[in-house]
Amino acid sequence: MENIASIFKSHLEPKEVYKGGKNLPSSSKKIYKLSSNENPLGASPKAVSALKLAAETIDIYPDQTDIRLREALVQDFNNELTVNQFICGNSGSEIIDMLLRAFINEGDEVIYSNPCFLPYSVFSRWYGAKQIDIPLTNPNYDLDVEGILAAITNKTKVIFLTSPNNPTGTYIPKTVLDEFLNHIPKNIIVVFDEVYRHFADAKDYITALPYVKKGHNIIAINSFSKTYGLAGQRIGYCYTTTILANYIRQIQKPFLLPSTSIEAAIGALKDQIFINKTVELVKEGRHFLAESFTSLGIRFWPTQGNFFIIDPPLTEMKFTDRLMKEGIMVRPVSQFGAPGKVRITIGTQEANKALIEALKKIKPE
Ligand SMILES: Cc1ncc(COP(=O)(O)O)c(C=O)c1O
């Protein structure tokens, strides 16, 4: 009898899979979920009412072209891009998959920089790409520009950059990105993951927008899971040059986006009050937590995202379990290439205070 494994693709041998953060356990105890970088305010009320309205017609196929959502995105980008430059998908993660599916031939090389979002490497493997990790440099987790440029070969197809980066919270300053992109050959796609962009306030923070407008081969990933509070609805998008977008669109499945997602996303884009409230909450929380970590002697990294990584006073698993007993759920991030570190999402003021009170009780062993 032939071995069943002989029908498997050789590059898909069972290996590490990407599992997202855990869900809340079903218990009556109050738990603050600070483990998945979700929006602690919930979803935009405008998104929720649009979704409810859309639920009344879920027997009808959705808008095949998602044109209304793309028109709303054009408005959101102040007409700096056109509808042809957006591709929507069932989440930022799905967009990452779509891009790799669109560009990777078996044996192509994909470069990313650990610690980073695990799907870059896991999804690359699905398409038979060779994964090249050029880690962020210690101790500040800066991008190793020279290291990446030196790693480029004639097989390099995609380079992932993330700003703000998950899980480190670090960002790529404008001068660094300018310099980097000037050295990238035209036959390489830079995938610029900016799903946390609304939370960045550093003066030299920059999104991919000006580079797309200049015609660089750069594709910006965005998500409705964070600022807009639609993580459970699974919707995201990317924007890029018209030529790349038209190419990628060929592999977009018809009727990909549920009508409820389309309507929720359009509603969320219109809800500037909710967006402002969310961003303000994150900035206040960032300030409060940074001061509190400092006074507790906990090492943390300055962040531009809605989360921190810290060096916990216990091993990451013990620390995570201990905090869970105190009603706070956080995420160890060894899997993301940050061994021993723990990522903590910035929550409501109540949750942030509860976190600090819990941390006061945890002593190093
Ligand atoms: C850096 C980064 N990119 C992309 C995503 C994907 O978000 P989603 O799949 O929820 O849209 C996440 C989610 O945590 C992320 O942290």
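Quick note: structure is the one above.
For the structure given in this document, a descriptive report is provided here.

Parameters at a glance
- Residues numbered from 1 in each chain as written.
- Predicted model: local features only at pLDDT ≥ 70, side-chain atom pairs only at ≥ 80, totals over all residues.
- Heavy atoms only, no water.
- Helix = DSSP H or I, 4+ residues; strand = E, 2+ residues; numbered from the N terminus.
- Rg over C-alpha atoms; globule rule 2.2 N^0.38 Å.
- Buried < 20%, exposed > 50% of the residue type's maximum accessible area, 1.4 Å probe, protein only.
- Areas by Shrake-Rupley, 256 points an atom, 1.4 Å probe, with all protein chains shown as cover.
- Phe/Tyr/Trp six-rings, centres within 6.5 Å; stacked < 30°, edge-to-face > 60°.
- Lys NZ or Arg CZ within 6 Å of the ring centre and 35° of its normal.
- Pairing = 2+ DSSP bridges.
- Axes fitted to C-alpha atoms, helices over the stretch in contact; angles between N-to-C directions.
- Contact = heavy atoms within 4.5 Å.
- Salt bridge = Lys/Arg side-chain N within 4 Å of Asp/Glu carboxyl O.
- Near = heavy atom within 4 Å.
- Polar contact = N/O pair within 3.5 Å; in protein donor to acceptor, adjacent residues only side chain to side chain.
- Nonpolar A, V, L, I, M, F, W, Y, C, P; charged D, E, K, R; others polar.

### Topic: the overall build of the protein
When you go through the protein residue by residue, the secondary structure sums to 12 helices and 12 strands. Expected size for 365 residues packed as a compact globule is a radius of gyration near 21 Å; at 21 Å, the protein falls within 12% of this value. For the protein, the C-alpha atoms occupy an extent of roughly 60 × 55 × 50 Å along the three principal directions. The burial tally for the protein puts 54% of its 365 residues in the buried class. Of the accessible surface of the protein, which amounts to about 16900 Å², a share of 54% is contributed by carbon and sulfur atoms.

### Thoughts on the packing of aromatic side chains
Evaluation of the coordinates by the stated rule reveals 19 aromatic pairs. When the ring of Tyr-61 is compared with that of Phe-255, the centres are 4.7 Å apart and the planes differ by 35°; the resulting orientation is tilted. Of the two residues, Tyr-61 is situated in the loop between α1 (45–55) and α2 (67–76) and Phe-255 in the loop between α8 (242–249) and α9 (259–270); the sequence distance between them amounts to 194 residues. With centroids separated by 4.3 Å and ring planes inclined at 20°, the aromatic side chains of Phe-123 and Trp-126 adopt a geometry described as stacked. Of the two residues, Phe-123 and Trp-126 both sit in helix α4 (residues 119–126), 3 residues apart, roughly one turn of that helix. We classify Trp-126 as partly exposed; its relative accessible area is 33%. Put simply, the rings of Phe-77, Phe-86, Phe-224, Tyr-228, Tyr-237 and Tyr-239 pair up and form one aromatic cluster. Positioned above the aromatic ring of Phe-336 is the side chain of Arg-343, whose terminal nitrogen or guanidinium carbon lies 5.6 Å from the ring centre.

### Remarks on the sheet that holds strand β4 (residues 130–133)
Spatial ordering of the open sheet is given by β2-β8-β7-β6-β5-β3-β4, a layout of 7 strands whose pairing is mixed. Both edges of this open sheet fall to β2 (86–89) and β4, since each of them pairs with a single strand only. Each strand axis lies, on average, 20° off the axis of its neighbour in the sheet, ignoring direction. Bridge analysis of strand β5 (residues 156–162) against strand β6 (residues 189–193) gives 5 bridges, and the strand direction is parallel. Paired with Ile-159 across the bridge in β6 is Val-190. Along the sheet face, helix α3 (residues 92–103) touches β2, β3 (109–112), β5, β6, β7 (218–223) and β8 (236–239) and points at about 155° away from the line of β7.

### Focus: the pattern of salt bridges
Pairing of side chains with opposite charge becomes possible as their charged atoms draw close. Summed over the entire model, instances satisfying the criterion amount to 14 salt bridges. Between Lys-33 and Glu-38 there is a salt bridge; the shortest N-O distance is 2.9 Å. Arg-286 is the salt-bridge partner of Asp-201, the closest N and O atoms lying 3.3 Å from each other. Placement of the pair is Asp-201 in the loop between β6 and α7 (209–214) and Arg-286 in helix α10 (residues 272–296), with a sequence separation of 85 residues.

### What to know about the pairing of strand β9 (residues 307–310)
With burial as the criterion, each face of β9 is covered, one bearing Phe-307 and Ile-309 and the other bearing Phe-308 and Ile-310. In this structure, β9 lies alongside strand β12 (residues 342–345), joined through 4 bridges in antiparallel fashion. Bridge pairing in β12 places Phe-307 opposite Thr-345.

### Details of the site of the ligand
Taken together, 14 residues surround the ligand, and among them Gly-92, Ser-93, Asp-193, Ser-223 and Ser-225 come closest. Within the side chain of Asn-166, one N or O atom sits 2.7 Å away from an oxygen atom of the ligand. For the ligand, an oxygen atom lies 2.8 Å from a polar atom in the side chain of Arg-234. Surface burial for the ligand is 93%, taken as the share of its 390 Å² of free accessible area covered by protein chains. Residue classes in the shell around the ligand are distributed as 4 nonpolar, 7 polar and 3 charged.

### Digging into the environment of Pro-25
In this structure, Pro-25 sits in the segment before β1 (32–33). On a C-alpha basis, the gap between Pro-25 and Met-329 in space is 9.9 Å, while along the polypeptide they are 304 residues apart. In this view, Pro-25 contacts Ile-31, Met-324 and Met-329; residues no more than four positions away in its chain are not counted.

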